[in-house]
Amino acid sequence: MTATIEPEVGKARTRKEDARLITGRTRWTDNITLPGMLHIAVLRSPFAHARINSIDTTEARGMPGVEAVYTAADLDPDGAIGLPCAWPVTPDMKHPRRPVLADKQVNFAGEGVAAVVARSVAEARDALEGIDVDYDELPVVLGLENALAEAAPLVHEDLGTNRNALWVFDSGEAGTGGSVEEAINTGEVVLKRRFRQQRLVPAFMEPRSCVVDPTSAQITMWSATQIPHILKTMAALTLGIPEHKLRVIAPDVGGGFGGKIAVLPEEALALLVALKLGKPVKWTETRSETMQTAHHGRDQIQDITISANRDGTVTGLKVELLADMGAYLGLVGPGVPILGAFMFNAIYKIPAYHFACTNVFTNTTLTDAYRGAGRPEATFGIERMMDELAAEIGMDPLELRERNWIKHEEFPFTTVSGLTYDSGNYEAATEKAKQLFDYDGLRREQAERRERNDPVQLGIGISTFTEMCGLAPSRVLGSLDYGAGGWEHAAIRMLPTGKVEVITGSSAHGQGHETAWSQIVADQLGVPFEDVEVLHGDTQSSHKGLDTYGSRSLAVGGIAVVKAADKVIAKARTIAAHLMECSPDDLEFEQGKFTVRGTDKSTTIQDVVFATFMAHNLPEGVEPSVDSEAVYDPENFSFPHGTHLCAAEVDTETGRVQLRSYVSVDDVGAVVNPLIVEGQVHGGLAQGIAQALFEEAVFNESGTLTTGTFADYLLPSAADLPSFTTDRTETPSTTNPLGVKGVGEAGTIASTPAVVNAVVDAIRHLGVNDVEMPCSPMRVWSAIHRGRTGAGGLGAEAGGGLGSIDATGGAQ
């Protein structure tokens with residue numbers, strides 16, 4: 001009797017990658033050293049807005065070790081090169097040229113103006129002191145509403161405006177729902193709130209870095225990037241390099257969080273310099289450069305109006321966003337808030353919806369994708385509003401959510417924003433979360449503390465969320481004018497000895513692709529997990545792909561692997577049938593064996609592969625290969641969901657917030673590796689909680705980033721976070737053969753509103769309806785004192801302003 005092989009999918013395998021990653025026995029981009037390699041350092045503007053009158057590089061050129069010094073005039077004398085933006089969200093979107101090095105004007109503090117190439121990093125950085133730039137300072141515009149004011153200074157004078165684009169969705173006009181204005185005008189309860197999404201820094205572990213070797217027939221670039229394939233294509237288009245002459249490699253990448261989904265000016269700079277000198281060059285940024293010039297995330301003002309009946313039934317939702325683009329447009333930056341447009345309605349049956357987003361230029365570092373990319377912002381807005389509505393009508397906030405959410409028997413469900421959710425069970429996830437959290441017990445404790453006027457109050461925060469991930473059906477991206485598709489590519493090579501090489505276009509930067517893909521292929525082909533090798537991140541071995549972002553790796557890239565495996569089996573079936581002298585239709589394939597139906601006659605796929613390699617006995621006209629590739633374009637997004645509950649203790653005398661417990665129950669569809677899922681959830685929770693309580697990028701009135709180091713930009717440590725209680729429910733996706741959804745962004749999307757709702761819930765009885773993020777002790781304390789004097793919370797009155805804070809963390 002043949003032993004049953006235990007399935008790999010669903011098994012908590014430790015990651016193959018960890019042996020090298022955790023021990024440091026790996027290759028980061030900055031580890032790469034080539035013979036004769038030179039080093040690049042970039043001189044950056046100290047001003048947020050200034051004209052460049054002249055740049056004198058004479059002294060720098062004569063300093064020790066210096067091989068060359070370049071300005072824009074040296075590298076791009078015609079001003080023809082501009083970095084790409086792949087998402088023109090409207091036909092009239094303003095897209096100012098973003099140069100590799102500033103030529104006539106700098107538009108944010110930290111913009112590169114000159115580059116030194118030297119024999120060592122130290123010599124290159126020292127020589128920056130020998131460059132003299134004559135600037136004329138220009139007026140600086142900071143803050144979204146300031147930038148839109150009638151007499152505001154212009155970031156780009158030739159545009160005549162700081163308004164980048166206006167994008168609107170209206171359910172009445174789209175035919176997906178009713179009129180929002182009618183819903184608001186007739187609503188029994190109408191609430192308006194303003195929320196601020198502060199600016200964040202991705203703060204990945206490994207700073208950005210690239211190495212370019214132009215010394216062979218093909219130019220090779222190594223880059224710490226999330227998008228080697230997109231970088232290759234965009235570099236070719238931008239710089240005029242023949243694409244077949246460029247190879248891009250993303251070696252092990254120490255985190256990205258969206259912060260490495262860009263085509264960098266420094267990558268273009270390194271390519272231009274390497275080609276000019278004919279020598280290998282390397283650029284690696286300092287941590288201060290990361291903070292100052294790597295794109296930032298979030299930075300929105302959300303004006304939200306919700307209407308409802310007195311029984312809690314939501315009748316309408318109106319969202320008006322202002323989104324800060326910074327001084328230039330990132331690769332997908334203009335589209336980030338647009339992704340959120342489809343998620344403000346969240347898990348709720350909202351009958352009327354209007355969304356309008358105005359993208360705005362300011363003299364700050366540009367913004368672009370940051371973990372969740374538009375969807376955390378939307379989830380925050382709607383989940384805060386559900387708490388506000390519950391408080392207004394005197395209903396338990398979980399009861400209010402249940403009254404409005406899509407019931408499990410109603411799937412598939414087409415939402416007011418036009419998306420079709422294929423599966424979900426919000427009731428099951430919420431019930432499990434309530435039990436793990438002891439929701440009713442904590443509510444009783446909260447009431448007791450309020451009754452005795454305890455100086456430390458207890459708040460309970462809720463976030464019931466869904467997200468659109470698995471980006472994305474190409475036709476949908478096309479309808480949104482996105483500059484690429486959403487498909488993914490995979491290939492499987494069957495080696496003569498029965499081992500397997502999997503090539504994926506989804507490039508990992510810490511997600512565990514090598515392990516999860518091995519588990520999938522082991523089950524599909526019936527080969528041992530240890531016999532599978534996963535290759536990725538090199539455009540020569542993985543020649544086709546659209547890379548990693550938007551929780552698309554498994555739901556799109558993983559399905560491409562399944563499709564490629566299906567083709568391998570189909571090819572092998574034909575050869576196996578020939579070897580066993582039967583019809584291919586008579587063969588069953590299970591656990592790596594082809595068996596003639598109704599007999600014990602069988603052969604393994606490895607034996608078929610070796611026979612194919614030998615090619616001594618193949619069917620007429622069949623080539624000696626079962627290698628296969630597939631391109632998978634998803635038919636829909638995937639829609640993971642979950643319920644997150646947070647208990648926070650707030651000291652009303654000091655404003656200090658202490659997270660007491662945190663429970664998350666997520667539904668990410670079928671799970672390939674529970675250990676990887678747990679890691680993704682834990683990391684996402686830490687990132688979302690950090691936005692709620694700790695992180696903020698702050699500029700002073702002259703446009704200088706005042707949080708440019710980790711001494712000023714506060715990242716939480718393990719000591720700042722509670723032990724998370726995590727669990728799952730499972731409603732498989734109906735739109736892909738594995739039933740998988742996505743998990744990479746879930747924790748970040750859900751946790752921020754859960755924590756802020758907990759903070760506000762703890763002190764709402766003191767007259768507070770909002771605390772602006774991050775909820776620092778000073779901001780919490782100030783909100784309590786405003787509440788006691790009847791001034792209300794920040795949400796009712798916060799303006800665009802500078803988004804700056806004083807030295808003690810209080811809102812200015």
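Residues numbered from 1 in each chain as written. Predicted model: local features only at pLDDT ≥ 70, side-chain atom pairs only at ≥ 80, totals over all residues. Heavy atoms only, no water.

K.L.:
Mind showing me how you'd approach the overall build of the protein here?
P.N.:
A tally of regular secondary structure across the protein gives 22 helices and 28 strands. Compactness check: the protein gives a C-alpha radius of gyration of 28 Å against a globular reference of 28 Å for 812 residues, within 12% of the reference. Here the protein holds 812 residues, and the buried ones make up 63% of them. Taking all contacts inside the protein whose residues are at least 6 apart in sequence as the whole, residues at least 24 apart take part in 79%. Of the roughly 29,100 Å² of accessible surface on the protein, a fraction of 50% belongs to carbon and sulfur atoms. Side-chain charges in the protein split into 68 positive and 107 negative, and the spacing between the mean points of these groups amounts to 2 Å. (Helix = DSSP H or I, 4+ residues; strand = E, 2+ residues; numbered from the N terminus. Rg over C-alpha atoms; globule rule 2.2 N^0.38 Å. Buried < 20%, exposed > 50% of the residue type's maximum accessible area, 1.4 Å probe, protein only. Contact = heavy atoms within 4.5 Å. Areas by Shrake-Rupley, 256 points an atom, 1.4 Å probe, with all protein chains shown as cover. Lys, Arg positive; Asp, Glu negative; His and termini not counted. Charge placed at Lys NZ, Arg CZ, Asp CG, Glu CD.)

K.L.:
Is there a simple way to explain a negative patch on the surface in this structure?
P.N.:
On the surface, a cluster of negative charge is contributed by Asp56, Glu59, Asp132, Asp134, Asp136 and Glu137. The biggest single contributor to the negative patch is strand S6 (residues 132-137), with four residues. Assignment of secondary structure puts aspartate 134 in strand S6. (Patch = residues over 30% accessible without salt bridge, like charges linked within 9 Å, V, L, I, M, F, W, Y side chains within 5 Å. Salt bridge = Lys/Arg side-chain N within 4 Å of Asp/Glu carboxyl O.)

K.L.:
What should I look at first to understand helix H12 (residues 375-393) in this one?
P.N.:
For an α-helix, 3.6 residues make a turn, and residues three or four places apart therefore share a direction. A rise of 1.5 Å per residue sets the reference length of H12, with its 19 residues, at 27 Å; its end C-alpha atoms lie 27 Å apart and thus fit the reference within 8%. Among the residues trailing H12, glycine 394 stands out with phi positive, at a value near 70°. (Expected span 1.5 Å × (residues − 1).)

K.L.:
Which parts of the structure should I look at to understand the sheet that holds strand S2 (residues 50-56)?
P.N.:
In a beta sheet, neighbouring strands are held together by backbone hydrogen bonds and run either parallel or antiparallel to one another. As summarised here, the arrangement of the three strands in space is S4-S2-S6, forming an open sheet in which the pairing is antiparallel. Two strands lie at the open edges of the sheet, namely strand S4 (105-106) and S6, each paired on one side alone. (Pairing = 2+ DSSP bridges.)

K.L.:
Honestly, the confidence of the model for the protein in this entry has me stumped. Any pointers?
P.N.:
For any part of a model where pLDDT is low, the fine detail of the predicted coordinates should not be relied upon. Summarising the model, the protein shows a mean pLDDT of 95, and 97% of its residues fall at 70 or more. For residues 794-812, every residue scores under 50 in pLDDT, and the model assigns this stretch 48 contacts once sequence neighbours within four places are set aside. (pLDDT = per-residue confidence, 0-100.)

K.L.:
How should I be thinking about the packing of aromatic side chains in this particular structure?
P.N.:
Centre-to-centre distance and the angle between the planes together describe a pair of aromatic rings. In the structure shown here, the tally under the stated rule is 15 aromatic pairs. Where phenylalanine 47 meets tyrosine 135, the ring centres are 5.1 Å apart and the plane angle is 75°; that geometry is what we call edge-to-face. Taken together, the residues span a long stretch of sequence, with phenylalanine 47 in the loop between strand S1 (38-44) and S2 and tyrosine 135 in strand S6 at a distance of 88 residues. Its relative accessible area of 25% is what places phenylalanine 47 among the partly exposed residues. Considering the side-chain rings of phenylalanine 108 and tyrosine 328, the 6.3 Å spacing of their centres and the 80° angle between planes classify their relative orientation as edge-to-face. Taken as a pair, phenylalanine 108 in the loop between S4 and strand S5 (112-118) and tyrosine 328 in the loop between strand S14 (314-326) and helix H11 (336-341) lie far apart in primary sequence, 220 residues in all. Overall, the relative accessible area of 4% leaves phenylalanine 108 in the buried class. Since its relative accessible area comes to 2%, tyrosine 328 is described here as buried. Taken together, the ring pairs connect Trp167, Phe342, Phe344 and Phe355 into an aromatic cluster. (Phe/Tyr/Trp six-rings, centres within 6.5 Å; stacked < 30°, edge-to-face > 60°.)

K.L.:
Would you mind going over the environment of glycine 326 with me for this structure?
P.N.:
Here glycine 326 shows up in strand S14. Look at glycine 326 and you get buried, because its relative accessible area is 0%. Apart from residues lying up to four places away in sequence, glycine 326 is in contact with Arg199, Val360, Phe361, Thr362, Thr364, Thr365, Leu366 and Thr367.

K.L.:
It is not clear to me how the pairing of strand S18 (residues 456-466) should be interpreted in this structure. Could you clarify?
P.N.:
A regular strand carries its side chains on alternate faces of the sheet. Counted residue by residue, S18 has 10 buried out of 11 residues, so it is predominantly covered. Where S18 and strand S26 (residues 641-651) come together, 11 bridges link them in antiparallel fashion. Bridge pairing in S26 places isoleucine 462 opposite leucine 645.

K.L.:
Mind showing me how you'd approach the packing of H12 against helix H13 (residues 397-404) here?
P.N.:
Helices that pack against each other are described as a pair by the angle of their axes relative to one another and the distance between those axes. Two elements in contact, H12 and H13, have axes whose closest approach is 9 Å; the angle formed by their N-to-C orientations is 110°. On the basis of their axis angle, the class for H12 and H13 is roughly perpendicular. The crossing of H12 and H13 is right-handed. Between H12, through Glu383, Met386, Asp387, Leu389, Ala390 and Ile393, and H13, the contact on the second element is made entirely by Pro397, Leu400, Arg401 and Asn404. Class assignment for the residues of the contact of H12 with H13 results in six nonpolar, one polar and three charged. (Axes fitted to C-alpha atoms, helices over the stretch in contact; angles between N-to-C directions. Parallel < 35°, antiparallel > 145°, perpendicular 65-115°, else oblique. Left-handed = near helix turned anticlockwise from the far one by under 90°. Nonpolar A, V, L, I, M, F, W, Y, C, P; charged D, E, K, R; others polar.)

K.L.:
What is the right way to look at unusual backbone geometry in this model?
P.N.:
Glycine aside, the phi torsion of most residues is negative, and most peptide linkages are trans. At the junction of leucine 471 and alanine 472, the peptide bond is cis and its omega measures out at -10° in the coordinates. Positionally, alanine 472 belongs in the loop between S18 and helix H16 (474-479). Note that the residue after methionine 773, namely proline 774, is joined by a cis bond; omega there is -5°. In this fold, proline 774 is placed in the loop between helix H21 (746-763) and helix H22 (777-788). With phi around 45°, alanine 373 is a residue other than glycine that occupies positive phi space. The residue alanine 373 is located in the loop between strand S15 (353-361) and H12 in this model.

K.L.:
Which parts of the structure should I look at to understand the packing of H12 against H21?
P.N.:
Where H12 meets H21, the axes come as close as 8 Å, and the angle between the chain directions of the two elements is 30°. Viewed along their axes, H12 and H21 adopt a mutual orientation that is roughly parallel. Like other packed secondary-structure pairs, H12 and H21 cross with a definite hand, here right-handed. Contact with H12, carried on its side by Arg375, Pro376, Thr379, Phe380, Glu383, Arg384, Asp387 and Glu388, involves Thr748, Ile749, Thr752, Pro753, Val756, Asn757 and Val760 of H21 and no other residues of that element. A per-class count over the contact of H12 with H21 returns six nonpolar, four polar and five charged.

K.L.:
What exactly am I supposed to notice about the environment of methionine 468 here?
P.N.:
With respect to the helices, strands and loops of the structure, methionine 468 is situated in the loop between S18 and H16. Not counting residues within four places of it along the chain, the set of residues in contact with methionine 468 comprises Leu339, Phe342, Met343, Arg375, Leu419, Phe637, Ser638 and Phe639.

K.L.:
Can you walk me through the side chain of glutamate 514 in this structure?
P.N.:
Positionally, glutamate 514 belongs in helix H17 (residues 513-525). For glutamate 514, a relative accessible area of 11% gives the class buried. Of the polar contacts made by the side chain of glutamate 514, one reaches the side chain of arginine 20; its length is 2.7 Å. Setting aside residues no more than four positions away along its own chain, glutamate 514 makes contact with Lys16, Glu17, Arg20, Val534 and His536. (Polar contact = N/O pair within 3.5 Å; in protein donor to acceptor, adjacent residues only side chain to side chain.)

K.L.:
Just checking my understanding: could you explain the nonpolar core for this structure?
P.N.:
Judged by nonpolar contacts, the single largest core of 153 residues is most densely connected at Ile40, Phe355 and Leu693. Aside from chain neighbours lying at most four places away, what touches leucine 693 is Val657, Leu659, Val755, Val759, Pro774, Cys775 and Ser776. (Core = buried A, V, L, I, M, F, W, Y, C linked by side-chain atoms within 4.5 Å.)

K.L.:
Could you clarify how one ought to interpret H21 in this entry?
P.N.:
Taking 1.5 Å per residue, 18 residues should reach 26 Å; H21 reaches 27 Å between its end C-alpha atoms and fits that length. The buried fraction of H21 is high, at 18 of 18 residues.

K.L.:
Sorry, what's going on with the environment of lysine 245 here?
P.N.:
Tracing the backbone shows lysine 245 in the loop between helix H8 (228-239) and strand S11 (246-249). Between the alpha carbons of lysine 245 and alanine 719 there is a distance of 49 Å; along the sequence they are 474 residues apart.

K.L.:
Got a minute to help me understand the side chain of serine 628 in this structure?
P.N.:
With respect to the helices and strands, the residue serine 628 is situated in strand S25 (residues 628-632). Polar contacts involving the side chain of serine 628 include one to the main-chain amide nitrogen of valine 568, which spans 3.4 Å. Once you skip the residues sitting within four places of it in the chain, serine 628 turns out to touch Ala490, Ala491, Ile492, Ala564, Lys567, Val568 and Lys571.

K.L.:
It is not clear to me how the sheet that holds strand S28 (residues 724-728) should be interpreted in this structure. Could you clarify?
P.N.:
Strand order in the open sheet made by the four strands is S18-S26-S27-S28, with mixed pairing throughout. Both edges of this open sheet fall to S18 and S28, since each of them pairs with a single strand only. On average, each strand axis in the sheet is inclined to that of its neighbour by 10°, with strand direction left out of account.

K.L.:
I would appreciate a short explanation of a nonpolar patch on the surface in the present structure.
P.N.:
There is a patch of nonpolar side chains on the surface, built from Phe610, Phe613 and Met614 and spanning about 300 Å² of accessible area. Summarising the element assignment, methionine 614 is placed in helix H19 (residues 605-614).

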